[in-house]
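Residue-level structural notes
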Amino acid sequence: MNEVLINMLECALDEDLGTAGDITSFAIFEEGDVGRALISAKQAGVLSGITLIKPLFELVDARLSAAPAVSKASTRAEVCLDDGDILEPGVVICRIEGPVRSILSGERVILNLLQRLSGIATATAAMVEALKGTNTRLLDTRKTSPGLRLLEKAAVRHGGGANHRIGLYDMILIKDTHIKRCGGIVPALTKAFAWRGGSATPQIEVEVQSTGEFMEALALGPERIMLDNMSLSDMEFCVGQRNVSGQNIALEASGGISISTLPGIAATGVDFVSSGAITHSAPALDIHLVMV
């Protein structure tokens, strides 16, 4: 696991354990108490976050081992499934054995992550299913929880979706705020191409909100054009004009996306549809840990 994700887990543990640790478990259980636990699904969905379980409990063990007069025993986690697997109520996700203090110290953090990420994977899978049989792919956005973006974007992939840009650093996306401040689509795109200096990377995408703006963008040939809050008829027009032009420009529909609108949007022939809801509004999946 890379350093960024380890740091994220450390921060999550800092938030829950502070400097004193799980004082309830310290008060009730002896350092030599060993127990077993199961992490199980309580509702159907798609799993994401399974690879976090082992490193999370390794970090918990390291914290407890560093404390004076605390057991050096380690926690063993046997994962039973993979990210992207389908969950049914009652299915065991992981079996854990080790110091009771370690298990309970890491319980809430790992459940929060599994519930959040599996909720995103589940919401994504539902939208992907609505696009089944079409050539339109579902994309996420940057509307993610601060500090959890890499994990949440991985959850989108586990649900069958694809990632848009990771951050502001890996793709040029000219939005309406840039366009208004720059004086229009043509000057904004012209400056972006000049900044790129003749290179093919990073990719350039521009947001348009009307067919007139689309035609301006099409004439300059960015790699992708985002059709923001357009009607289905306007999307069809844009797809037709792109096809007639013969340019290899991807078209992305965005704005007000829901499961019910996906089939109609896909029928216009757009290449992608992006949804912020799959990350910012996905309900947590019900997953729990029980001592056995």
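Okay, so let's go over this structure. (Residues numbered from 1 in each chain as written. Predicted model: local features only at pLDDT ≥ 70, side-chain atom pairs only at ≥ 80, totals over all residues. Heavy atoms only, no water.)

Each helix and strand in the protein chain was counted, giving eleven helices and twelve strands. Principal-axis analysis of the C-alpha atoms places the extent of the protein chain at approximately 75 × 40 × 25 Å. Counting all 292 residues of the protein chain, 45% fall into the buried class. Taking the contacts inside the protein chain whose residues are at least 6 apart along the sequence as the reference set, 72% of them involve residues at least 24 apart. Here the protein chain has roughly 13,700 Å² of accessible surface; of this, 54% comes from carbon and sulfur atoms. (Helix = DSSP H or I, 4+ residues; strand = E, 2+ residues; numbered from the N terminus. Buried < 20%, exposed > 50% of the residue type's maximum accessible area, 1.4 Å probe, protein only. Contact = heavy atoms within 4.5 Å. Areas by Shrake-Rupley, 256 points an atom, 1.4 Å probe, with all protein chains shown as cover.)

Let's shift gears to unusual backbone geometry. With an omega dihedral of -5°, the bond running from Thr201 to Pro202 counts as a cis peptide bond. Following the sequence through the fold, Pro202 ends up in the loop between helix H7 (185–196) and strand S8 (204–208). Notably, Asn229 is not glycine yet its phi reads approximately 50°, a positive angle. Positionally, Asn229 belongs in the loop between strand S9 (224–228) and helix H9 (232–245).

The element S8 is extensively covered by neighbouring structure, given that five of its five residues are classed as buried. Burial along S8 is two-sided: Ile204, Val206 and Val208 and Glu205 and Glu207, pointing in opposite directions, are all buried. Looking at chain direction, strand S7 (residues 172–174) and S8 are connected through three bridges and run parallel. Of the residues in S8, the one forming a bridge with Ile172 is Ile204. One crossover worth recording links S8 to the parallel S9 by way of helix H8 (residues 211–220), and it is right-handed. (Pairing = 2+ DSSP bridges. Right-handed = clockwise from strand over helix to strand, strands pointing away.)

Once that is clear, we can look at the sheet that holds strand S11 (residues 272–274). Taken in spatial order, the six strands make up an open sheet running S6-S11-S10-S9-S8-S7, and their pairing is parallel. The sheet is open, and its two edges are formed by strand S6 (137–139) and S7, each paired on a single side. Each strand axis lies, on average, 25° off the axis of its neighbour in the sheet, ignoring direction. Alignment of strand S10 (residues 250–254) against S11, held across three bridges, turns out to be parallel. Across the sheet, residue Glu252 finds its bridge partner in S11, namely Phe272. Here H7 sits on the sheet in contact with S7 and S8, set at roughly 170° to S8. (Axes fitted to C-alpha atoms, helices over the stretch in contact; angles between N-to-C directions.)

Turning our eyes to something else, we now look at the side chain of Asp22. With respect to the element layout, Asp22 can be found in the loop between helix H1 (3–17) and helix H2 (23–28). Here Asp22 occupies a buried position and makes no salt bridge, while the nearest side chain of opposite charge, Arg101, is found at 8.1 Å. Here the side chain of Asp22 touches Ser25 through a polar contact of 2.4 Å, side chain to side chain. Apart from the residues within four sequence positions on either side, Asp22 is in contact with Leu17, Leu104 and Ser105. (Lys, Arg positive; Asp, Glu negative; His and termini not counted. Salt bridge = Lys/Arg side-chain N within 4 Å of Asp/Glu carboxyl O. Polar contact = N/O pair within 3.5 Å; in protein donor to acceptor, adjacent residues only side chain to side chain.)

Taking burial as the measure, the five residues of S10 include five buried ones, the bulk of the element. Burial along S10 is two-sided: the face carrying Ala250, Glu252 and Ser254 and the face carrying Leu251 and Ala253 are both buried. Bridge count between S9 and S10: five bridges; the pairing is parallel. Residue pairing in the sheet places Ile225 in a bridge with Leu251 of S10. The β-α-β motif built from S9, the intervening H9 and the parallel element S10 has right-handed crossover chirality. Remark: the S10/helix H10 (residues 262–267)/S11 crossover connection has right-handed handedness.

In short, shape yes, function no, at least from these values alone.
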